[in-house]
Amino acid sequence: MMEFDSVTMSRMLTSLTLAFHIIFATIGVGVPLMISIAEFIGIKKKDANYTLLARRWTRGFVITVAVGVVTGTAIGLQLSLLWPSFMQVAGNVISLPLFLETFAFFFEAIFLGAYLYTWDRFNNPIYHWLFSIPVVIGAGMSAFFITTVNSFMNTPQGFELEGRTITDIDPLEAMFNPATPTKVFHVLSSSYLTSAAILAAITAFIILKKKSTDYHKKALKLTMIATFFFAILTAIAGDLSAKFLADEQPEKLAAGEWHFETEEGADLILFGTLNEDNEVENALRLPNALSFLSHGDFNSEVVGLDQFPEEETPPLWIHYMFDLMVMLGMYALGVSFLYIVLSKLKRWNEHNKWLLWLIVLNGPFAMLAIEFGWIFAEVGRQPWILRGYMKVSEGATTSPHVEWMLLLFLGLYILLGVISVRVLRKLFSDNPAEVELEHRYPEVDQRGVDV
Amino acid sequence: MSYELVGITVLWIFLYGYLIVASIDFGAGFFAYYAKQTKQDHIINKIISRYLSPVWEVTNVFFVFFFVGLIGFFPDTAYYFGQTLLIPGSIAIVLLAIRGSFYAFENYGSKQSSVYMFLYGATGLFIPAALATALTISEGGFIEETSNGVRLLTGELLTSPYSWSVVFLAIVSVLFISSAFLTFYANRANDKPAMELVRKYMIFWSSPTIIASLTTFIAMSQHNHRHFEKMLDLWWMFGLSVAFFLGAVFLVYQKKRFGLAFIFVMFQFFFAFFGYGAGHLPYLLEPYITLQSSVTNDAMGLALVIAFIAGLCLLIPSLILLMRMFLFDADYVKGNK
Ligand code: HDD
Ligand code: HEM
Ligand code: HEM
């Protein structure tokens, strides 16, 4: 049974806030890029359909940004409120990227304001498009900086710890720790993938529910090609992340793969169950594939859980998180590939009802993959908060009443979640694209060709 | 200058920046709600949303900057404030969250709901009150350190005259600063009825502001005599503050130079805020944390200062651009764009 002490409660509250923030953060990182691409195509092709696309996406985006900002502020403060001892240590070593992150926010916020309120202010629309660049960069930089902090927690370096005194601090070494490159790459690519997939899902849903217009077909094509491209990047980044784990954090990979004994030519285990003796049952085994995933060589040796003391290994259920993430990644790749193939073949129709439903599912699936990925990465770090230096239980607050705060925030997030979905739906259903297109760009006929 | 002085100066300037921009925003929320209740919303709400819409996210970042920077330069504050402020801090987060997101729902979501308006107005007053409590606690006397760690003495906090006078001061200052700014902004937009209305608010809130400042001074002399004495040594700063206050009220009363009047208000709070802050030193949290005891190591200090300078080189031009587009672009302010 779980104990409801401050540590458990702090963990639950942190998980809750992060799991909620990460939804909006992912959209916050990825959607600006999609907006920027759409506006650019609109300018280049002189096709108002794309400009309207960018415009409408932006309008939804401001709602999600707002929730991203407030939940981000919450997690920022909660780190100190719930993990005061951890932040005391971390503040000494890893505050540089946290501090830099605020500049990235500033930068993004300033230009987002400029972007939002200058749509028709310039004679040459390219000037307006230019404002989207700092927003894309700012969002990417905030993801970069916060991910270096998370990397640091996984592979801390750049300091010496003697008791509770920290010496020999090198902020840059701490920031550019071994986990940084793969983590940043994977977090960015998966954010872009997820944003593209969600926009595609919404478009496909509208095509299914109403008649499809040129506007929606163009939107679907753009977002599906982007999904395909970023799905490939994400898979590459994921593969590199696994290779990183095999080298630097083998206990996480071993727990995620149920790899108990160190061996050469290790099999990759998909799903399955564990019996009382920790033997794998009902699983699909891919011979030697784990060795390949770990080192790019089917016969290489992969470190197993036998190399670690039991109290320092993460819970074994993260195996499912890993498998689900990978399956959902393959799904995104498959669906977007199918769409592209069908759209190339004249005989087939890419707006087939079944395919559209698969695309609709892909949106929530991608977001689930983000959640599973983070749970795998974070729980896979347990019991450490700073791997090798500080356990989660040593970092937590000792204040009472954390459970009430958990309820308070649970209520807050439910409220924010419900209202933002309602506001977003109303925003778009009250003002369908066809109507807005006619109203704003009367020179464009409904097929999107300049008259 | 040593890192701790550079650090605290930078942070204090940003907190001052937050005080000004957030007060404008908080107060505007209250006035918008009040105007709606008294059926005057058609007069001022357009002005309020034209100014607020492009800048609200920037306001929030000022705050994030402050607390992230505080932990960076003075990591011990994470421990003491983090341990003790769990409940008031969480409440402040919830209020901020409601306010920020509801602002967006209301403004971009094309739905005018009176519940949102109420929450937006009410949080505008509660948030400054909640945040001011962190400053109150830093005066000492409200935290106890035992072998089990540190904890907040909630009872003392809730019964202290000093703590309540700070809350009162925070609320009236917000309304005063906000109405002073809106007077200037409405005047610039050539919106006469709106200007007349907010000008009345500004004159109305001027006397509570000065009364609250005096009460807080007196309560401070009872609560923390050391700090009070140090503030008396800096009497000229508070004198300047009062002089700017009188100047601002005079100008607005005479309906002259509203821009200058708002700058006077900024100076009024600048001197009071820095006088208060300078008197607070060397303590960050009496008696547990001083500047010297809690400052981060040299390597991080240097890195943060470099990061800060680099960051400013990026930010200042961008901020100037934003202000030129929305604050000083007469066409935008008047609603022609
Ligand atoms: C759309 C989301 C998504 C998709 C499709 C994938 N991932 Fe992922 N994965 C993430 C989203 C994600 C993430 C949310 O971005 C994580 C969580 C923490 C992190 O660094 O990235 C992550 C973590 C993560 C880690 C742990 C890294 C660490 O702890 O340092 C590994 C080994 C992989 N992934 C591997 C893969 C592989 C081999 C995939 C095969 C296609 C894959 N991921 C698809
Ligand atoms: C411990 C983890 C995290 C902390 C402490 C944190 C902190 C914050 C804070 C304080 C804000 C509000 C900034 C503002 O006022 O504008 C914010 C927003 C944001 N965060 Fe997080 N964050 C975390 C995780 C992440 C991750 C993992 C990502 C990216 C993958 C991310 C991306 C963003 C983005 C893009 C925003 C801007 C809001 C938006 O555009 O939606 N954050 N975060
Ligand atoms: C920088 C400070 C961070 C701290 C102190 C921290 C700490 C923690 C802790 C203690 C947990 C609970 C683990 C458990 O329940 O087993 C957790 C979970 C989680 N963290 Fe981190 N983390 C940090 C950074 C991040 C970042 C940057 C992200 C990216 C968004 C992140 C994403 C998550 C997620 C999604 C969970 C939920 C996992 C679950 O459901 O158990 N964390 N974090």
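Keep in mind the model is a prediction, meaning the values are calculated, not measured.

Draft legend 1. Summary view of the overall build of chain B. Of the regular secondary structure elements, chain B holds 14 helices and four strands. Computed over the C-alpha atoms, the radius of gyration of chain B is 20 Å, within 12% of the 20 Å expected from 2.2 N^0.38 for a compact globule of 337 residues. If one aligns the C-alpha atoms of chain B with their principal axes, the spans along those axes are about 60 × 40 × 40 Å. Buried positions account for 60% of the 337 residues belonging to chain B. Contacts spanning at least 24 positions in sequence make up 77% of the contacts within chain B whose residues lie at least 6 apart. When the accessible surface of chain B is totalled, it reaches about 13600 Å², and 69% of it is carbon and sulfur.

Draft legend 2. Here's a closer look at the confidence of the model for chain B. The predicted model of chain B has a mean per-residue pLDDT of 80, with 90% of residues at 70 or higher. Least confident of the elements in chain B is helix α14 (residues 330-334) of chain B, whose mean pLDDT is 59; most confident is helix α7 (residues 161-188) of chain B, at 86.

Draft legend 3. Representation of helix α2 (residues 48-82) of chain A in the model. For α2 of chain A, spanning 35 residues, the distance from its first C-alpha to its last is 49 Å, which sits close to the expected 51 Å at 1.5 Å a residue. With respect to burial, α2 of chain A is a largely interior element, 32 of its 35 residues being buried.

Draft legend 4. Expanded view of a nonpolar patch on the surface. Residues and elements named next belong to chain A. On the surface, a cluster of nonpolar side chains totalling about 510 Å² of accessible area is made up of Trp404, Leu407, Leu410, Ile414 and Val418. Structurally, isoleucine 414 is set in helix α14 (residues 402-429). Looking at isoleucine 414, the relative accessible area reads 51%, which means it is exposed.

Draft legend 5. Local environment of the packing of aromatic side chains. Residues and elements named next belong to chain A. This model, assessed by the stated rule, comprises 54 aromatic pairs over all chains. On the basis of an interplanar angle of 40° and a centroid distance of 5.4 Å, the ring pair of tyrosine 192 and phenylalanine 230 is categorised as tilted. On the criterion of sequence distance, the pair formed by tyrosine 192 in helix α7 (residues 180-209) and phenylalanine 230 in helix α8 (residues 214-248) is long-range, its members being 38 residues apart. Given the relative accessible area of 7%, phenylalanine 230 is considered buried.

Draft legend 6. Here's a closer look at the coordination of the iron atom of ligand 2. There is one protein donor for the iron atom of ligand 2, namely His21 of chain A (NE2), at 2.1 Å. Positionally, histidine 21 of chain A belongs in helix α1 (residues 6-45).

Draft legend 7. Representation of the site of ligand 3. All names here are of chain A. In the neighbourhood of ligand 3, 19 residues make up the surrounding shell, with Arg11, Leu18, Asn150, Met153 and Glu378 lying closest. Contacts to ligand 3 include arginine 11, whose side-chain N or O atom sits 2.7 Å from an oxygen atom. The separation between a nitrogen atom of ligand 3 and a polar side-chain atom of glutamate 378 is 2.9 Å. Counting only elements with at least two residues in the shell around ligand 3, the list comes to α1, α5 (132-154) and α12 (353-379). By residue class, the composition of the shell around ligand 3 is 12 nonpolar, four polar and three charged.

Draft legend 8. Geometry of the site of ligand 1. Residue and element names in this part refer to chain A. Lys183, His186, Ser190, Lys252 and Met325 are the nearest of the 27 residues found near ligand 1. Measuring from a nitrogen atom of ligand 1, one finds a side-chain N or O atom of histidine 186 at 2.8 Å. Taking serine 190, its side chain carries an N or O atom lying 3.1 Å from an oxygen atom of ligand 1. Of all the secondary structure elements, the ones that give two or more residues to the shell around ligand 1 are α7, α8, α11 (318-344) and α12. Considering every element that reaches the shell around ligand 1, the biggest residue donor is α8, with eight residues. When grouped by side-chain class, the residues that make up the shell around ligand 1 number 16 nonpolar, eight polar and three charged.

Draft legend 9. The arrangement of the interface of chain A and chain B in detail. Contacts between the two partners involve 63 residues from chain A and, on the opposite side, 67 residues from chain B. Around 5700 Å² of area is buried between chain A and chain B when both sides are counted, 79% of it from carbon and sulfur atoms. It is Phe99, Phe106 and Arg121 of chain A that lose the most area in chain A upon contact with chain B, and together they represent 13% of the buried surface on that side. Between the two partners, chain A and chain B, sit zero salt bridges. Within the residue set of the side of chain A that touches chain B, elements represented by two or more residues are α2, α3 (84-116) and α14 of chain A.

Draft legend 10. Summary view of the side chain of threonine 26 of chain A. All names here are of chain A. Note on placement: threonine 26 falls in helix α1. For threonine 26, a relative accessible area of 2% gives the class buried. If we ignore the near neighbours within four places in the chain, the residues touching threonine 26 are Ser191, Thr194, Ser195, Met367 and Ile370.

Draft legend 11. Representation of the pattern of salt bridges in the model. One pass over the full model with this rule turns up four salt bridges over all chains. The shortest N-O distance in the salt bridge between aspartate 239 of chain A and lysine 243 of chain A comes to 3.0 Å. Separated by four residues within a single helix, aspartate 239 of chain A and lysine 243 of chain A lie in helix α8, roughly one turn from each other. Overall, the relative accessible area of 27% leaves aspartate 239 of chain A in the partly exposed class. The residue aspartate 25 of chain B makes a salt bridge to arginine 99 of chain B at a minimum N-O spacing of 2.8 Å. Here aspartate 25 of chain B, found in helix α1 (residues 3-37), pairs with arginine 99 of chain B, found in helix α4 (residues 86-108); they are 74 residues apart in sequence, far enough to count as distant. With relative accessibility at 7%, the residue aspartate 25 of chain B sits in the buried group.

Draft legend 12. Layout of the packing of α3 of chain A against helix α3 (residues 76-84) of chain B. Here α3 of chain A crosses α3 of chain B at 165°, and the two axes come no closer than 7 Å. Comparing their axes, α3 of chain B and α3 of chain A come out roughly antiparallel. When the axes of α3 of chain A and α3 of chain B are compared, the crossing they make is right-handed. Here Pro84, Ser85, Met87 and Gln88 of chain A of α3 of chain A lie close against α3 of chain B, whose contacting residues are Asp76, Ala78, Tyr79, Gly82 and Gln83 of chain B. Tallied by class, the residues present in the contact of α3 of chain A with α3 of chain B amount to four nonpolar, four polar and one charged.

Draft legend 13. Representation of the packing of α1 of chain A against α12 of chain A in the model. All names here are of chain A. Direction vectors running N to C along α1 and α12 enclose 125°, while the axes themselves pass 10 Å from each other. Of the possible angle classes, the one that applies to α1 and α12 is oblique. As α1 packs across α12, the resulting crossing turns out to be right-handed. Two secondary-structure elements touch here, α1 through Ala19, Ile22, Ile23, Thr26 and Ile27 and α12 through Met367, Ile370, Glu371 and Trp374. Tallied by class, residues from the contact of α1 with α12 come to seven nonpolar, one polar and one charged.

Draft legend 14. Representation of α14 of chain A within the structure. Between the first and last C-alpha of α14 of chain A there are 40 Å, a value that for 28 residues agrees with the 40 Å anticipated at 1.5 Å per step. Those residues of α14 of chain A that sit buried are Val402, Met405, Leu406, Phe409, Leu412, Tyr413, Leu416, Gly417, Ile419, Ser420, Val423 and Leu427 of chain A.

About the thresholds
Residues numbered from 1 in each chain as written. Chains lettered and ligands numbered in written order. Predicted model: local features only at pLDDT ≥ 70, side-chain atom pairs only at ≥ 80, totals over all residues. Heavy atoms only, no water. Helix = DSSP H or I, 4+ residues; strand = E, 2+ residues; numbered from the N terminus. Rg over C-alpha atoms; globule rule 2.2 N^0.38 Å. Buried < 20%, exposed > 50% of the residue type's maximum accessible area, 1.4 Å probe, protein only. Contact = heavy atoms within 4.5 Å. Areas by Shrake-Rupley, 256 points an atom, 1.4 Å probe, with all protein chains shown as cover. pLDDT = per-residue confidence, 0-100. Expected span 1.5 Å × (residues − 1). Patch = residues over 30% accessible without salt bridge, like charges linked within 9 Å, V, L, I, M, F, W, Y side chains within 5 Å. Salt bridge = Lys/Arg side-chain N within 4 Å of Asp/Glu carboxyl O. Phe/Tyr/Trp six-rings, centres within 6.5 Å; stacked < 30°, edge-to-face > 60°. Donors = N, O, S within 2.8 Å, 3.2 Å for Na, K, Ca; no water. Near = heavy atom within 4 Å. Polar contact = N/O pair within 3.5 Å; in protein donor to acceptor, adjacent residues only side chain to side chain. Nonpolar A, V, L, I, M, F, W, Y, C, P; charged D, E, K, R; others polar. Buried area = accessible area lost by both parts, 1.4 Å probe. Axes fitted to C-alpha atoms, helices over the stretch in contact; angles between N-to-C directions. Parallel < 35°, antiparallel > 145°, perpendicular 65-115°, else oblique. Left-handed = near helix turned anticlockwise from the far one by under 90°.

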